[in-house]
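The residues making up each chain are set out below.
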Amino acid sequence: MLELILWGAIGILGYIYFGYPLLIILLGRVFRQRDAHSREPAPEAAPAAALPSITVIITAYNEAKHIAEKIRNIFALDYPHDRLDIIVASDASSDATDEIVRQCTSEKVRLLRVEGRQGKTACQNAAANAASGDVLVFTDATTTLGSDALQAIALRFRDPEVGCVAGRLTYISRQDDATGKGGTSYWGYETALRVAESSLGSLIGVSGCLYGVRRSAYRDIRPDLISDFVIAMVMREQDLRTVLEPAATCTEETLDRADRELAMRIRVTLRSLVALATQRRFLNPLRFGTFAWQLWSHKLLRYLSPVFWLCALAANIALASRGEYVLLLALQVLALSAGLLGFLQLPVLGKSRLLAQPYYFVLTNVASAISLVKFIRREKVVTWTPLR
């Protein structure tokens with residue numbers, strides 16, 4: 001029985017981190033032709049008259065440090081200004097965010113203050129209902145968009161099957177440490193999965209840093225749910241696809257401290273678990289096919305990975321006490337120790353990418369474990385505080 005638990009848990013972990021990625025990437029390559037057929041010419045080939053109107057929605061809470069530069073970034077993009085406007089949805093900011101937005105001289109910039117600290121999703125709902133653009137583009141105050149990002153997103157909506165378009169996020173590490181290197185490595189792994197999932201049919205979630213939604217397809221999302229995850233489910237329910245557009249580039253800096261990264265991961269994971277529980281019908285493969293399989297493999301099983309890891313470790317310890325699988329236990333302890341070293345944030349360790357990867361693996365599993373406990377206790381996170 002102990003051997004069954006050990007190898008069963010290891011087998012599931014192997015599927016989560018190696019089996020599913022390899023399978024989805026292989027399938028993505030096979031079906032990439034479908035995604036290619038829905039692509040339009042390069043953004044620079046599109047005449048301005050053919051582009052839809054866009055409302056850029058920036059949800060902000062106490063972003064006085066970044067909001068002016070963010071607005072400048074939007075207006076510097078290669079998109080006709082007569083087809084572009086901006087709504088800054090302030091979640092009852094208590095700093096100078098609102099005043100900075102009000103001081104903008106352009107009539108294309110509107111401030112929508114949402115009282116009561118209702119959270120990001122509630123602010124996005126309010127802004128979407130107030131928007132006039134054919135396409136809603138959601139982006140964060142700390143995200144820098146590439147010059148062709150809006151054009152690239154807009155062109156994908158020429159395909160009537162597309163309801164949501166995700167931008168391609170690149171994390172930039174300003175710190176030569178394990179948190180920065182681990183974060184960039186992790187996101188590179190995530191991006192490869194998303195490219196494959198998009199080619200296969202549809203993403204199961206997007207990065208909140210940049211994504212566009214067909215306004216006619218937008219539906220209000222419950223304020224306690226994480227919008228950039230649930231939006232793909234909203235599209236799927238309407239038989240619309242959520243796709244990744246590699247040309248819609250954006251960048252964001254990684255967080256500079258392990259405690260901030262852990263706090264962010266806990267918040268995202270807990271909100272995603274609540275979303276999966278609330279929207280659990282999408283986990284039914286008989287109704288939602290490949291989409292359900294991706295949800296199980298990419299999200300739910302990964303969030304449950306600390307449970308499988310603890311099972312494998314406990315079974316391994318019991319077997320090692322009888323003189324069996326001692327080497328395997330040593331390898332598990334070594335991997336765990338290498339990961340824990342990253343939390344020390346020592347300069348000499350931060351220069352090692354070899355240690356950054358197990359560190360970030362441990363960090364995400366710790367975040368998942370804490371989130372699972374909070375989820376079982378029915379805790380929720382609705383509001384957020386800027387960490388950059």
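Keep in mind that what you see is a predicted model, and the values were worked out from it rather than measured.

The helix and strand inventory of the protein stands at 14 helices and 8 strands. When the 388 residues of the protein are sorted by exposure, 52% land in the buried category. Taking contacts inside the protein between residues at least 6 apart in sequence as the whole, the part at least 24 apart equals 81%. Accessible surface, the protein: about 16900 Å² in total, of which carbon and sulfur atoms supply 60%.

Looking at the element boundaries, serine 207 is found in the loop between helix 7 (178-200) and strand 7 (210-214). Ignoring anything within four residues of it in the chain, the contact list for serine 207 reads Leu169, Trp187, Arg194 and Asp228.

This paragraph deals with helix 12 (residues 326-341). Residues separated by three or four positions in an α-helix point in the same direction, a consequence of the helix having 3.6 residues per turn. With 16 residues, helix 12 extends 22 Å from end C-alpha to end C-alpha; this agrees with the ideal 22 Å at 1.5 Å per step. Taken together, the buried positions of helix 12 are Leu329, Gln332, Ala338 and Gly339.

This next bit is on the packing of aromatic side chains. All chains considered together, the criterion is met by 12 aromatic pairs. Pairing tryptophan 7 with tyrosine 325 gives two aromatic rings, centres 5.8 Å apart and planes at 70°, and the pair type is edge-to-face. Note that tryptophan 7 is positioned in helix 1 (residues 2-30) and tyrosine 325 in the loop between helix 11 (305-320) and helix 12, a separation of 318 residues in sequence. Take tryptophan 7: its relative accessible area is 43%, and that puts it in the partly exposed class. Tyrosine 325 gets classed as partly exposed once you look at its relative accessible area, which sits at 26%.

What follows concerns the sheet that holds strand 8 (residues 241-253). Strand order in the open sheet formed by 8 strands is 3-2-1-4-7-6-8-5, and the pairing between neighbours is mixed. Two strands lie at the open edges of the sheet, namely strand 3 (109-113) and strand 5 (144-145), each paired on one side alone. In this structure, strand 5 lies alongside strand 8, joined through 2 bridges in antiparallel fashion. For leucine 145, the partnering residue across the bridge sits in strand 8 and is cysteine 250. Sheet contacts for helix 8 (residues 227-237): strand 6 (162-172), strand 7 and strand 8; angle to strand 7, the most-contacted strand, approximately 30°.

With 16 residues, helix 11 extends 22 Å between its outermost C-alpha atoms, agreeing within 8% with the 22 Å of an ideal straight helix rising 1.5 Å per residue. Of the positions making up helix 11, those classed as buried are Ser305, Pro306, Phe308, Trp309, Ala312, Ala315, Asn316, Leu319 and Ala320.

Conventions and cut-offs
- Residues numbered from 1 in each chain as written.
- Predicted model: local features only at pLDDT ≥ 70, side-chain atom pairs only at ≥ 80, totals over all residues.
- Heavy atoms only, no water.
- Helix = DSSP H or I, 4+ residues; strand = E, 2+ residues; numbered from the N terminus.
- Buried < 20%, exposed > 50% of the residue type's maximum accessible area, 1.4 Å probe, protein only.
- Contact = heavy atoms within 4.5 Å.
- Areas by Shrake-Rupley, 256 points an atom, 1.4 Å probe, with all protein chains shown as cover.
- Expected span 1.5 Å × (residues − 1).
- Phe/Tyr/Trp six-rings, centres within 6.5 Å; stacked < 30°, edge-to-face > 60°.
- Pairing = 2+ DSSP bridges.
- Axes fitted to C-alpha atoms, helices over the stretch in contact; angles between N-to-C directions.

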